[in-house]
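# Overview (structure and organization)
Below, each chain spelled out in residue letters.
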Amino acid sequence: MREAPVPVMASRGLWLACLALGVIALPILADRLALLPLHVALNPNEGWNALHTEAWLAGRALYLDPAGPVLNNYPPLSFTIVAFLGRFTGDLIVAGRILSTVSLLVAATFSGVIACMLGGARAAGWFAGLLLLTTFLVGYTDYVAMDDPQMLALALSTLGLWTLVRWWGSTRALATAMVLMLLAGLTKHNMIALPIATVIAVWLDSPRRGVALAVGGVIATALTLGLIHLTWGPDSLHSLLAGRQWEPLYLAQNLLRGMPVLALPLATIVAGAGLLSRRGPDRLLLTYVMMALATTLLMGGGAGVYYNCFFDLAVASCTLAGIIVCRAMLAVGARYPQVRFLPLALVLGVATLAIKPLLTARWNLQGGDAAALAALTAADVSRIRDVAGPVACETTALCYWAGKGFELDYFNARQAVLTGRGRENNVLSLLRAQKFALIQLQDRAPGARLSPPAPGEMSVLDSNYVEVHHSGTGIYLVPRRLAAFTPSP
């Protein structure tokens, strides 16, 4: 599209804001990229994904009894893609990290392309894309370059959004976008904000097309679920729909952690809503923001939900904020040159929150703390590998790197007990039977875990297991009957 004649001072303000975002983003991004090849567990999800993928590659079932000690509640697409990439990396966790990093860059790129198309200036595209990338690096740092399918789902969804905006009104483009959204749902099934927003926006433009789209979406979803059922068995659907705790406290904690970095983009949307059209792509993006906010509030209170509940909202708000900022400059930039400071005001909010990530960056390219943790991890992985018998790792990456199988899914097994869908205390019965030759825990304090312990877990654990090793990767326990034969660390 041809660029609109952005006033010189306004254009300079946008490019200056882009420069400021780059200064903030690049050091944090370099630090995260340096972690890609390291055997350091960035999150319990990394090993969880890798162990499920490894089991599937070995010919075992991808979905097991949802009431058992190991549950897979993720859709199948990411496992197949990571399995393919793992052939080239030799490590499924590293493959997942690379895929996640590329996916974030894809989402930021197409967010910028959308802003360029609707804002009418290249600078608007660069600003929106860099704003989204910096938002993730500053507000959701832990998810950057981490093996988790949420980023891939977000990239597919953003590609669908771009397809809709680029060819708004085209039935073929609408069908293509819905397929991309369906693939996003097959990667992570919390990607519902954009499909709902699309149905609403299309219906408001043309009720007949909206109804047809909704019916087609329901049919396509039903057929996809049927295909999953036929391919992976009835346990697959039961696992995907397995319940978990929802608590207002979890929602409040997540909002305090994840919302501050989006406060200014959302405020920009509220203040500049008058610059948006009430039809077409503008209305789609505004509806997307509202649906993303609604799903954030709905999912943010779930046990185990973290920053990923904000990802749809981040894409929608950063994209729309970039469009509004550029349109504001086009509308009043010639008369009020002070408007050139508007994008810098958004950057200032991000920069305030970036102080901690910048100060705490380990500068891994120079071999900082992560290198020392990698050496410590290697020693503990060797300890796990040498154990004869099953091992239960709460930090699942340790068991993956040690070549051990997936024996106990701590988080989901606890949720099965706490929500009443588990059988006779799955976690406790395994502990009483002293089934595991070694148990690794992140911490003995319940508050440090991903979910509350099952009722009575700590007392049963203390009665049957004894600690033999404690390091930066967690604590290690063996059955009391074997403690006398276990060498001291």
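To keep things clear, this report deals only with the structure shown in the data block. Since this is a predicted model, take the numbers as computed values, not measurements.

Quick look at the state of the cysteines now. Joining two cysteines, a disulfide is a covalent bond between their sulfur atoms. Counted under the stated rule, the structure contains 1 disulfide. With its sulfur 2.1 Å from that of its partner, Cys 393 forms a disulfide with Cys 399. Handedness here is read from the sign of the S-S torsion; for Cys 393 and Cys 399, about 75 degrees, the answer is right-handed. No disulfide involves Cys 326; its sulfur sits 8.5 Å from the nearest other cysteine sulfur, which is in Cys 116. A relative accessible area of 0% means that Cys 326 is categorised as buried.

Applying the stated rule across the entire model yields 5 salt bridges. For Asp 205, the salt bridge goes to Arg 283, with nearest N and O atoms at 2.4 Å. Here the residue Asp 205 occupies a position in helix α8 (residues 193-205), and Arg 283 occupies one in helix α13 (residues 280-299), the gap between them amounting to 78 residues. When the shortest N-O distance is used, the salt bridge between Arg 327 and Asp 282 registers 2.5 Å. With a gap of 45 residues between them, Arg 327 in helix α14 (residues 311-332) and Asp 282 in helix α13 connect regions that are remote in the sequence. Neither Arg 327 nor Asp 282 differs from the other in exposure class; each is buried. One connected set of salt bridges, linked through shared partners, spans Asp 205, Arg 279 and Arg 283.

Right, let's talk about the packing of aromatic side chains for a bit. Scanning all chains against the criterion turns up 12 aromatic pairs. Geometrically, the ring pair formed by Tyr 140 and Phe 311 is tilted, given 5.8 Å between the ring centres and 50 degrees between the ring planes. With Tyr 140 in the loop between α5 (122-139) and α6 (150-166) and Phe 311 in helix α14, this pair connects stretches of sequence that are 171 residues apart. When its relative accessible area of 0% is taken as the criterion, Tyr 140 is described as buried. One aromatic cluster is present, built from ring pairs that chain together Phe 136, Tyr 140, Tyr 143, Tyr 306, Tyr 307, Phe 310 and Phe 311.

Before going further, it helps to spend a moment on the side chain of His 52. Relative to the helices and strands, His 52 resides in helix α2 (residues 44-57). Residue class for His 52 comes out buried when judged on its relative accessible area of 6%. Discounting residues that sit within four places of it in the chain, His 52 has contacts with Leu 62, Val 70, Leu 71, Asn 72, Phe 79 and Phe 406.

Rules and cut-offs
- Residues numbered from 1 in each chain as written.
- Predicted model: local features only at pLDDT ≥ 70, side-chain atom pairs only at ≥ 80, totals over all residues.
- Heavy atoms only, no water.
- Disulfide = S-S within 2.5 Å.
- Buried < 20%, exposed > 50% of the residue type's maximum accessible area, 1.4 Å probe, protein only.
- Salt bridge = Lys/Arg side-chain N within 4 Å of Asp/Glu carboxyl O.
- Helix = DSSP H or I, 4+ residues; strand = E, 2+ residues; numbered from the N terminus.
- Phe/Tyr/Trp six-rings, centres within 6.5 Å; stacked < 30°, edge-to-face > 60°.
- Contact = heavy atoms within 4.5 Å.

Remember, this is a structural readout, not a statement about activity or role.
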